[in-house]
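# Coordinate analysis (summary)
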Amino acid sequence: MAGVKAPMSQMRKFESKEALFRARKRILKYLVLGYLKQEGYFATAETFAFEAALTGEYEVCDNIDLDIILQDYCSYYLMRFNKQPQFCRKMEERQPIRRPATRGRTKTEHVPECVCEKQEIDLPSTFTITKLQKEEEINIKNLSTVERKPLAGFLANITPDKKQLVELLYQDILRPSAVSWDEVKGLSSAKSLLMESVVYPVRYPEVFTGLLEPWRGVLLHGPPGTGKTMLAKAVASESLCTFFNISCSTIVNKWRGESEKIIKVLFEMASYYSPSIIFIDEVETLASDRSAPGEHEASRRLKAQLLTELDGIESRDGIIFLLANSNMPWEIDPAMLRRLEKRIFIPLPDYETRAELFETYLNTKNIELYPKVDFKEFASKTEGYSGSDIKLVCKEALMSTVRKMLPNMVGKGNVQNRKDKLDLSDILTAIEKTKPVSKNLASKHKEWQNEMGCS
């Protein structure tokens, strides 16, 4: 029996060493992942977690990271060997591989080498390549602030308990979209107001000083589906500002005092990445009237923190602009309305805009209209429709042709390059089936604009 137990004990020792080795490897992977997130390399951290097959089962403890381990190792090495450890060394430069001389080469071919050596001696010690330098300056100007400023510079100046909040808010930064002013049909007055409120102060900061300081906030209000969110996307694309897309899921937290801390970190990040735009869709959900019955204490504290950051004693560097959308502006707190200095009414599309929208949706390469139709006829029949309603009408008209094709599509191959044929009757039937949602709300928004608007 003794001869049998010895191999088993050796096997157990081997298995314990293997388990310890695997645990050490796993710890190293999580330490590297935590370091990448701490330094702001979130895309690299996501790729590393995928390749290393790491899950959210473990996380690095608060009192340990690679920096602390490195410091401890340096202290141990200094005490043991009385010198600092060397972690990196410069790689030797590799000499270029030269082809061996061929038999047919003569001695006269070596004359240019001597000439080159003499020319190298006569070269100046320093020189500047102006063309490449100018191109690099132009490319740097076209980059957004997020691409020019690393997140590690911001993380170095904050407390450890806020680093997780920074990572949460960093995910809400939107990169410039492909939406331009031309894609927003109509709304010329709203576009010009947004240009002078957001774009021009960023492009010409020397003009907007003193009393002409940039606006703190703009409220876009109107019936649903009139293009308020699309205007916000165009502002994000045209202004080259850092665009924070904030929602309730980002700010509202179940822990006491955490929501206020998130708002404070948000404005600190906006100041670091300035010029910045903080976009809040459906702002009445976060800044409703505080005098309303049933107001909770946590909601009041969140609104108070938001109002303080917008117009408090503490001054921040750079331009921080609040862009808000609302379908019910009469429910917003008066203190928030004061900080939203521009309150712009986004109306339902007029006759010309409706015709332009129909032409945009239906006059494409994949749609053939038969017979040739007049888009102004559709515009006259869609009085009170929003831009979203008109898009739904065009979608319903296309769906009517697809319904006819569906029974005969079984077993067919690729139908991606098909061309849909729309008849005039299909569009008129879709208009009759689709009723406008925002028609009754337009008058209420007009009354509120006449009373509380500022455009």
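Rules behind the numbers
- Residues numbered from 1 in each chain as written.
- Predicted model: local features only at pLDDT ≥ 70, side-chain atom pairs only at ≥ 80, totals over all residues.
- Heavy atoms only, no water.
- UniProt positions renumbered as here; feature names shortened; annotations may be inferred.
- 1 Å grid on protein atoms, 1.4 Å probe; cavity = no way out; pocket = protein on both sides within 12 Å on 5 of 7 lines; lining within 4 Å.
- Points joined across faces, edges and corners; volume = space filled by probe spheres on them.
- Helix = DSSP H or I, 4+ residues; strand = E, 2+ residues; numbered from the N terminus.
- Salt bridge = Lys/Arg side-chain N within 4 Å of Asp/Glu carboxyl O.
- Core = buried A, V, L, I, M, F, W, Y, C linked by side-chain atoms within 4.5 Å.
- Buried < 20%, exposed > 50% of the residue type's maximum accessible area, 1.4 Å probe, protein only.
- Contact = heavy atoms within 4.5 Å.
- Phe/Tyr/Trp six-rings, centres within 6.5 Å; stacked < 30°, edge-to-face > 60°.
- Patch = residues over 30% accessible without salt bridge, like charges linked within 9 Å, V, L, I, M, F, W, Y side chains within 5 Å.
- Areas by Shrake-Rupley, 256 points an atom, 1.4 Å probe, with all protein chains shown as cover.
- Pairing = 2+ DSSP bridges.
- Bend = angle between axes of the 7 residues up to and from the residue.
- Axes fitted to C-alpha atoms, helices over the stretch in contact; angles between N-to-C directions.
- Parallel < 35°, antiparallel > 145°, perpendicular 65-115°, else oblique.
- Left-handed = near helix turned anticlockwise from the far one by under 90°.
- Nonpolar A, V, L, I, M, F, W, Y, C, P; charged D, E, K, R; others polar.

An unreviewed UniProt entry lists the chain under the name AAA+ ATPase domain-containing protein, with Arctia plantaginis as the source organism. As recorded by UniProt, the Subcellular location (unreviewed entry) comment attached to the chain reads in full: "Cytoplasm, Cytoskeleton, Spindle pole".

### Section: the layout of surface pockets
Of the voids in this model, the second largest pocket is the one considered here, and its volume is about 610 Å³. Thr226, Gly227, Met230, Leu357 and Gly387 are, among the 29 residues lining the second largest pocket, the residues nearest its centre. Mapped onto the lining of the second largest pocket, the elements with two or more residues apiece are helix 9 (188–203), strand 6 (342–345), helix 15 (351–362) and helix 17 (387–405). Residue contributions to the lining of the second largest pocket peak at five residues, all from helix 17.

### Some thoughts on the pattern of salt bridges
Throughout the structure, instances matching the rule amount to nine salt bridges. With its nearest N and O atoms 4.0 Å apart, the salt bridge here joins Glu268 to Lys162. A residue pair is termed long-range when its members are at least 10 positions apart, and Glu268 in helix 12 (residues 258–272) and Lys162 in the loop between helix 7 (151–155) and helix 8 (163–170) qualify at 106 residues. The salt bridge partner of Arg354 is Glu383, with a shortest N-O separation of 3.0 Å. Separated by 29 residues along the polypeptide, Arg354 in helix 15 and Glu383 in the loop between helix 16 (375–381) and helix 17 bring together distant segments of the chain.

### Structural notes on the nonpolar core
Of all hydrophobic cores here, the largest spans 41 residues; its most connected members are Leu151, Phe244, Met269, Ile278 and Met336. Breaking this core down by element, the ones donating at least two residues are helix 7, helix 8, strand 3 (242–246), helix 12, strand 4 (276–280), helix 13 (297–310), strand 5 (320–326) and helix 14 (334–339). Ranked by residue count, the leading element in this core is helix 12, at eight residues. Residues contacting Met336, with those up to four places away along its chain left out, are Ala287, Leu306, Leu307, Leu310 and Leu322. Listed in part, the 25 residues of the second largest apolar core include Trp181, Val184, Leu194 and Val218.

### Quick look at the environment of Ser438
Examined against the element boundaries, Ser438 turns out to sit in the loop between helix 18 (424–433) and helix 19 (442–452). Judged by its relative accessible area of 1%, Ser438 falls in the buried class. For the pair Ser438 and Ser386, spaced 52 residues apart in sequence, the C-alpha to C-alpha distance is 6.8 Å. Each residue touching Ser438, except ones within four places of it in the same chain, is listed here: Pro223, Pro224, Leu348, Ser386 and Asp389.

### Concerning unusual backbone geometry
The linkage connecting Ser274 with the following residue, Pro275, adopts the cis geometry, with an omega of 0°. In this fold, Pro275 is placed in the loop between helix 12 and strand 4. Even without a glycine there, the phi angle at Ala53 is positive, about 55°. Here Ala53 is to be found in the loop between helix 2 (42–51) and helix 3 (66–81). The residue Leu187 is not glycine, and still its phi comes out positive at about 55°. Its place among the elements puts Leu187 in the loop between strand 1 (173–174) and helix 9.

### Observations regarding the packing of aromatic side chains
Applying the stated criterion across every chain yields a total of six aromatic pairs. With 4.9 Å between their ring centres and 75° between their planes, Tyr272 and Tyr273 make a pair best called edge-to-face. Classification of Tyr273 as buried rests on a relative accessible area of 0%. An angle of 70° between the planes, with centres 6.4 Å apart, marks the rings of Phe375 and Phe378 as edge-to-face. One end of the pair, Phe375, and the other, Phe378, are both in helix 16, three residues apart, so they sit about a helical turn from each other. The pair Phe375 / Phe378 is uniform in exposure class, with both members buried.

### Description of a nonpolar patch on the surface
A cluster of nonpolar residues, Leu70, Tyr73, Tyr76 and Phe87, forms a patch on the protein surface that exposes about 410 Å² of accessible area. Tyr73 sits in the partly exposed class, given a relative accessible area of 37%.

### Points about the pairing of strand 5
Counting buried positions over the seven residues of strand 5 gives seven, a clear majority of the element. Of the two faces of strand 5, the one carrying Ile320, Leu322, Ala324 and Ser326 and the one carrying Phe321, Leu323 and Asn325 are both buried. With five bridges joining them, strand 2 (residues 217–221) and strand 5 adopt parallel strand pairing. Each bridged residue has a counterpart across the sheet, and for Leu219 the counterpart in strand 5 is Ala324. As paired elements, strand 4 and strand 5 share five bridges and run parallel to each other. Counterpart to Ile278 in the pairing with strand 5 is Leu322.

### Considerations on helix 9
The α-helix winds at 3.6 residues per turn, so residues separated by three or four positions along the chain end up facing the same way. At Met195, helix 9 shows its maximal kink, close to 40°. All buried positions along helix 9 are accounted for by Ala190, Lys191, Leu193, Leu194, Met195, Ser197, Val198, Val199 and Pro201. On its buried side, helix 9 packs onto strand 2, helix 10 (228–239), strand 4, strand 5 and strand 6.

### Some details on the packing of helix 8 against helix 12
In the contact formed by helix 8 and helix 12, the axes pass within 10 Å of each other and the chain directions differ by 65°. Between helix 8 and helix 12, the crossing angle belongs to the class labelled roughly perpendicular. Like other packed secondary-structure pairs, helix 8 and helix 12 cross with a definite hand, here right-handed. Touching Leu165, Val166, Leu169 and Tyr170 of helix 8 are Glu258, Lys261, Ile262, Val265, Leu266 and Met269, all from helix 12. Residue composition of the contact of helix 8 with helix 12, by class: eight nonpolar, no polar and two charged.

### Concerning the packing of helix 17 against helix 18
Between helix 17 and helix 18, the shortest axis-to-axis distance is 8 Å and the interhelical angle comes to 120°. The angle between helix 17 and helix 18 falls in the class oblique. Seen from above, helix 17 lies across helix 18 with right-handed handedness. Facing Val393, Glu396, Ala397, Ser400, Thr401 and Lys404 of helix 17, the residues of helix 18 in contact are Asp426, Ile427, Ala430, Ile431 and Lys433. The residue makeup of the contact of helix 17 with helix 18, split by class, is five nonpolar, two polar and four charged.

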